[in-house]
Each structure stands twice: as C-alpha cells, then as structure tokens.
Amino acid sequence: MDIELSTGRPRSVAISRVVRENIRDVTLFFRRQPDSPTAAPGQFFMVWVPDVDEIPLSASWSDDEHIGLTVRPVGEATQRLVRMRPGDYIGIRGPFGRSFSVTGDAAIVVGGGVGMAPLRPLVYALLASLKQVTVLIAARTRDELLFHDEMLRIAESDSRLRTQVATDDGSLGFHGLATDCLTALLEQQTADVIYACGPERMMYEVYRIALRHEIPIQLSLERYMKCGCGLCGSCALDPTGHLVCLDGPVFTGSTLASIVEFGKYSRDATGARIDEIR
Amino acid sequence: MEIKGYWLASGILGVTASVLRRVHESGADVVVTKSIGPVPRVGHPGPICTSSHGGLINAVGLTNPGIDAFLDELHRLGEWGVPFVLSVFGRSPQEAASVASRGVEAKPLAIELNLSCPHAEIGQVAHDPDLTFQYVRAVKDAVDCPVFAKLTPNASDITSVGRAAERAGADAVVAINTVRAMRIDIVQRRPILGNLVGGLSGPPVFPIAVRAVYDLYASLSVPIIGVGGVTTWQDAVEMHLAGASAIEIGTGVLSGLDVFSRVREGVMTYVQETGFSDIADIVGLAQRR
C-alpha cells in the first residue's frame, strides 16, 4: 500500500501560464514535474486553492511538459482560481480516476459548457489514433463556447474532424439544446461511439439518445467530492456504491444503466440526498 | 453481538448505504458508519487529507447529513441485511444519547460512541475519564443495544479512560482513533489541511495502536476492538495477540476493498498452522511473560 501514491502525491506547483478561453473560462497551466504522471483524457486533479478549499478539476491539457486545468468561476474556489497569475501557487493531487477509452472508428463528442474541458484532450487522442470525429460544442451563447476556435483550426487542416455548434440563444450554429442538435446530427450521420461531458440533464438525455440508436457511450460524471481517492465516500453512487473518484469519473452506458441516481438526484456537501442535478 | 472479525472502521466510505453494502460484500464482516450527529454538518474546508511518512492525515471534520436524513440510509442497510454498527457523536452526553436513541430505530448491531475525533470540538471527551463516563452512561441509559466507546491515543492515560468507559457500562472499547498531527507545505510555507490540524492514520500509527490495545486488555474485562494501521494479516495477528477480539480497518481500504478477506484468510491460516483452533484462542496471548 502506497498512501503517498493513493492520495495523488500532494505537491505545490506554480502557475506557469494563464489563458483566457472565452468570456467566462480560464485555463491555468503548470509545469509537470519529471517524476509525476501525465493525465489521460478524462482524469482529474484535486486542486488546493490556498485559504479557500480543495476542488476537483479535469485536465484540459496534458503533455510531457505542462498540464492545463480549465476553470469556470461558479464558486469561491473557482472565482479565486480564475484571478490567479503566473507565479501564484496552487496545491495539486493526482491525476485521479478512470479516463475515456479510445474505441471505434467514428466518434461523436458532445461537450456542454465547461464540460468541453476533459473532451479537448480526448479529441486529440481520438485523432491521434486515426478516428473520424465530430465534436459538438454547446453553450448558452456564442461567447461561452469553449475551445470552439481551436477545434475549427484543427478541422481546417484535418478533414477527419468536423465541428458543430449549438447555442441556447441561437447566437451561433444550431439554435437550441445540445441534445436536439445531436438528434438532428444522428439523422445525417452515424457513429460507433458517443462521448459526452456537461450538465447532467444534458448527459442523461445524450445517454437516452445513444440507447435509442444503440451506440455505446462514455460519460464523465460529476458528484460532490472531498478526498478524490476513495476514502471519504462523498461521491458514492446509488445503489451500487461506485465511486466517481476511483471507478469514474468516466462511466460507460452499461454501468450507468445500473446507477439509479443518474439523471435524478445527487448529494450535497453533508452527504444528504438532494433532488437536484447539475 | 459477537465481537469478532474484520470490520470497516468509522469515517471511511461510510456515508451512504450503497457504498457500505459494497464494502460488506467485498469482505467486511461488519461495517461501522461515519459518525453521525444531530444535525447536518459540512465538515472542514479542503484539503481534507494529505499523506505523510507512509500514513494518511485527514481532517474531514465529522461531515454527515444528520441522524434524521441518515436514518433512510440505515433502514436501507437493514433491508439489504448488511450488519452495521452506528457511530454517533454529540456535543454533550444528552445530545449523543438522543442521536443514539434515534438511530437504534434502524436496529444497528451496536452504537459506537465517537469520543475522540482529534480535529473537531468533541475531540477532548476521551481525554477525560469523568466526561467519558458521563457520555457512555447517558448513551447506555438511552439504548438497549451494545455500546462501544472509541478512545483516543492522544489521552495521557488511555487505560484510565477505558476503565471509566467500562464502569459506565460500555460493552467494548474501540482503540484507537487517529493521532493528532499536522503537515506544512514548504513551498507555500503554510499548513496543508484546511483545518490546519488533522488525524494521522495508516501504518505509522500501528505500533501506537498495538500499545494501546495491549494496555487496555491488561486492565479491562470488556472486549477490545483494535483499530489503527492494520493493512496485512501479520498486523492483524499482532493486534489479536495484544488483546483485540475484533479488528477495524480504515485507511487500509486504500490497498483495495479485498483487504478484509485478505487479512481474514491470512489470520485463519496462521491460527491453523500454529496449532490453535480459533482466532479467539490467540486474543491477548502476548500478555503472558
């Protein structure tokens, strides 16, 4: 038993670069120490924001030298993070969790809001293994689309990547929900795998669409998390006791079929059930 | 209830029925819930855990949904037939007793009274024999099921606290809770845990637990439930020899949920190969000189 490793080798790192992605989201980069692992697409870090809290954040970038975390300011810790500057310190544990697995020949990737964060490295991984990829980026409005310009740039030089946009207000692309856009998309093309991350209401609908079309699916789930490493039980799912931190955050459709709370309810910071999903 | 076997220690994974059932199905004979109080409690801000010298330091801070919400989980454990002990805490003996009497509605095998969380305000109870006596007595008077008192190694004299618990009617004592500890990040030059102070668990506390169990066994007549740093069958044998009738495993689940069955099988093999007929035969054997 290696507790140092299980707890994700707690360490402090300096922010090396800050990139504003859109009007809300910011990506913080830090240098990967030579002895620490790179993050696979879908894996996350526990991020200690000094004086505030420690929160889980998916890696939106990972190469030999740098790791990137994309943050949307929704609470005290994330608001503090988006104001950080190069040279500021954060604590890091991880990477944790099971990553997306690259399968099939033609993938559809659906990202809602900041849910695009773990899907960015996935798109690169899919393209690196010669897949056809359609990425569907959804947001409330065009100014909140995440990694849209970057995906367009890749698509310009790589015909295997197609991009699709859905905005709730119709300011760009499909006017409406990601899930309605996906339904329309599946009338024109097929896929042998669907990946998704975003609000759970969206993911639950994506899951049902995939089920109807009999397309295998992999989703990245979010639950309240305190330890990130299988100790506290905060992120346990009903009724199987799957832990989002260890057994997820990426789950396949067949596992999700046994999770009664998926799309229905979650738990708050005390562990109490709340009839609310993000 | 019979005090034997390998149990999930309180505080680890124990906040929902679903995950407690999974731990039981993975091999834990009994599961002890997270400590439950009268009202919902968020606990401390993160980081709530870090590692140190082969061990774990946590300051979760008694996070729990309160006994009313938790009763739903307990009833589900009952429906599923998962043997469980309910861990409770309170800011006063009366409050602990009222949480326990609410909890027994769900028919736990026993109440484990957390008197010793080292990073929350109840941490001081098990430092003091008189206070410990009052808590145990109040809970004993309130419930019909067995009551266990969980003791702290941070007390200057754990055996006098254990004797007070026994005098008050405790049916067993549980030793030990975590050891008060701190880590400081040398890059940021500040304590790591959100609560600054936490409790050390895992392999580094094992010899402290063995010493506490040994001393308690020598001076009490109620059974001792040993807990602290057990991750292998060799550890478990040592703790039985010190005087533990049953053993709880907490941090050891980081080595996999099969830790309970691995430990049990190893101890059984040891018992057979050394010519004993039952694990109970080796409990406290190291007391002879």
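Calculation notes
Residues numbered from 1 in each chain as written. Chains lettered and ligands numbered in written order. Predicted model: local features only at pLDDT ≥ 70, side-chain atom pairs only at ≥ 80, totals over all residues. Heavy atoms only, no water. Helix = DSSP H or I, 4+ residues; strand = E, 2+ residues; numbered from the N terminus. Rg over C-alpha atoms; globule rule 2.2 N^0.38 Å. Buried < 20%, exposed > 50% of the residue type's maximum accessible area, 1.4 Å probe, protein only. Contact = heavy atoms within 4.5 Å. Axes fitted to C-alpha atoms, helices over the stretch in contact; angles between N-to-C directions. Left-handed = near helix turned anticlockwise from the far one by under 90°. Nonpolar A, V, L, I, M, F, W, Y, C, P; charged D, E, K, R; others polar. 1 Å grid on protein atoms, 1.4 Å probe; cavity = no way out; pocket = protein on both sides within 12 Å on 5 of 7 lines; lining within 4 Å. Points joined across faces, edges and corners; volume = space filled by probe spheres on them. Disulfide = S-S within 2.5 Å. pLDDT = per-residue confidence, 0-100. Phe/Tyr/Trp six-rings, centres within 6.5 Å; stacked < 30°, edge-to-face > 60°. Lys NZ or Arg CZ within 6 Å of the ring centre and 35° of its normal. Pairing = 2+ DSSP bridges. Salt bridge = Lys/Arg side-chain N within 4 Å of Asp/Glu carboxyl O.

## Focus: the overall build of chain A
Thinking step 1. The secondary structure content of chain A amounts to seven helices and 15 strands.
Thinking step 2. What you see for chain A is a C-alpha radius of gyration of 18 Å, in line with the 19 Å of a compact globule of 278 residues.
Thinking step 3. Seen along its three principal axes, the alpha-carbon backbone of chain A occupies a region of about 50 × 45 × 35 Å.
Thinking step 4. Of all 278 residues assigned to chain A, the portion counted as buried reaches 58%.
Thinking step 5. Put simply, 64% of the contacts in chain A that link residues at least 6 apart link residues at least 24 apart.

## Section: the overall build of chain B
Thinking step 1. In terms of helices and strands, chain B carries eight helices and 14 strands.
Thinking step 2. Relative to the globule expectation of 19 Å for 289 residues, the C-alpha radius of gyration of chain B, 18 Å, shows essentially globular dimensions.
Thinking step 3. Dimensions along the principal axes, computed over C-alpha positions, put chain B at roughly 50 × 50 × 40 Å.
Thinking step 4. By the burial criterion, 61% of the 289 residues in chain B qualify as buried.
Thinking step 5. When contacts within chain B are restricted to residue pairs at least 6 apart in sequence, those whose partners lie at least 24 apart make up 71%.

## Description of the packing of helix H3 (residues 93–103) of chain B against helix H4 (residues 129–142) of chain B
All names here are of chain B.
Thinking step 1. Interhelical geometry of H3 versus H4 gives an angle of 30° and a closest axis separation of 8 Å. Considering how the two elements wind past one another, H3 and H4 form a crossing that is right-handed. Here Pro93, Ala96, Ala97, Ala100 and Ser101 of H3 come into contact with H4, specifically with Gln134, Tyr135, Ala138, Val139 and Ala142.
Thinking step 2. Considered class by class, the residues forming the contact of H3 with H4 number eight nonpolar, two polar and no charged.

## Quick look at empty space enclosed by the protein
Thinking step 1. In the structure shown here, the tally under the stated rule is two cavities of 30 Å³ or more.
Thinking step 2. Counted as a void, the largest cavity has a volume near 530 Å³.
Thinking step 3. Lining of the largest cavity is provided by 38 residues; of these, Ser10, Gly11, Asn58, Asn177 and Thr178 of chain B occupy positions nearest its centre.
Thinking step 4. Counting residues per element, the ones that place at least two in the lining of the largest cavity are strand E4 (55–58), strand E6 (110–114), strand E12 (198–201) and strand E14 (244–249) of chain B.
Thinking step 5. Grouping the constituent residues of the lining of the largest cavity by class yields 17 nonpolar, 17 polar and four charged.
Thinking step 6. Considered as a void within the structure, the second largest cavity measures approximately 60 Å³ in volume.
Thinking step 7. Lining the second largest cavity are Tyr224, Lys226, Cys232, Ser234, Asp268, Ala269, Thr270 and Gly271 of chain A together with Val15, Lys34, Val60 and Thr63 of chain B.

## Details of the layout of surface pockets
Gaps left between atoms show up when a probe the size of a water molecule is rolled over them.
All names here are of chain B.
Thinking step 1. Volume-wise, the second largest pocket comes out at about 360 Å³.
Thinking step 2. Those elements giving two or more residues to the lining of the second largest pocket turn out to be strand E1 (5–8) and helix H8 (259–273).
Thinking step 3. Ranked by residues supplied to the lining of the second largest pocket, first place goes to H8 with four residues.
Thinking step 4. When grouped by side-chain class, the residues that make up the lining of the second largest pocket number nine nonpolar, four polar and five charged.

## Examining the state of the cysteines
Residues and elements named next belong to chain A.
Thinking step 1. Here the structure, examined in full by the defined rule, presents zero disulfides over all chains.
Thinking step 2. Free cysteine: Cys181, not disulfide-bonded; nearest cysteine sulfur from Cys197 at 17 Å.
Thinking step 3. You can call Cys181 buried: its relative accessible area is 3%.
Thinking step 4. As a non-bridged cysteine, Cys245 has Cys235 as the owner of its nearest cysteine sulfur, 3.8 Å distant.

## Notes on the confidence of the model for chain B
Thinking step 1. When the pLDDT values of chain B are averaged, the result is 96; 98% of them are 70 or greater.
Thinking step 2. Reported for the predicted complex are a pTM of 0.96 and an ipTM of 0.95.

## Looking at the packing of aromatic side chains
Residue and element names in this part refer to chain A.
Thinking step 1. Per the counting criterion, the structure on display carries nine aromatic pairs over all chains.
Thinking step 2. Each ring, one from Tyr204 and one from Tyr207, has its centre 6.1 Å from the other, and the planes form 25°; the classification is stacked. Within this pair, Tyr204 and its partner Tyr207 are both found in helix H6 (residues 200–213), separated by three residues, close to a single helical turn. The burial state of Tyr204 is the same as that of Tyr207; both residues are buried.
Thinking step 3. One aromatic cluster in this structure is built from Tyr204, Tyr207 and Phe262.
Thinking step 4. Above the plane of the ring of Phe29 lies Arg17, whose end atom (NZ or CZ) is 4.4 Å from the centre.
Thinking step 5. Arg273 extends its terminal NZ or CZ atom over the ring of Tyr265, reaching a point 3.7 Å from the ring centre.

## Quick word on the sheet that holds E1 of chain B
Residues and elements named next belong to chain B.
Thinking step 1. Spatially, the eight strands close up into a barrel ordered E1-E2-E5-E6-E7-E8-E13-E14, and their pairing is parallel. The mean inter-strand angle of the sheet, taken between neighbouring strand axes irrespective of direction, is 25°.
Thinking step 2. In terms of strand pairing, strand E13 (residues 224–227) meets E14 through four bridges, oriented parallel. Its bridge partner being in E14, Ile224 is matched across the sheet by Ala244.
Thinking step 3. On the sheet, H4 packs against E6 and strand E7 (147–150) and is oriented at approximately 155° with respect to E6.
Thinking step 4. Here helix H6 (residues 206–219) sits on the sheet in contact with strand E8 (172–175), E13 and E14, set at roughly 170° to E13.

## Focus: the pattern of salt bridges
Thinking step 1. A full pass over the atoms with the stated rule returns 22 salt bridges over all chains.
Thinking step 2. Between Arg102 of chain B and Asp68 of chain B there is a salt bridge, and its shortest N-O distance comes to 2.4 Å. Placement of the pair is Arg102 of chain B in helix H3 and Asp68 of chain B in helix H2 (residues 67–80), with a sequence separation of 34 residues.
Thinking step 3. Relative accessible area serves as the criterion here: at 34%, Arg102 of chain B is assigned to the partly exposed category.
Thinking step 4. Among the residues examined, Asp68 of chain B registers a relative accessible area of 48% and is labelled partly exposed.
Thinking step 5. Two residues, Arg102 of chain B and Glu105 of chain B, come together in a salt bridge whose shortest N-O distance is 3.3 Å.
Thinking step 6. Residue class for Glu105 of chain B comes out partly exposed when judged on its relative accessible area of 44%.
Thinking step 7. A cluster of three or more residues bridged by salt bridges with shared partners is formed by Asp238 and Arg267 of chain A together with Glu73 and Arg76 of chain B.

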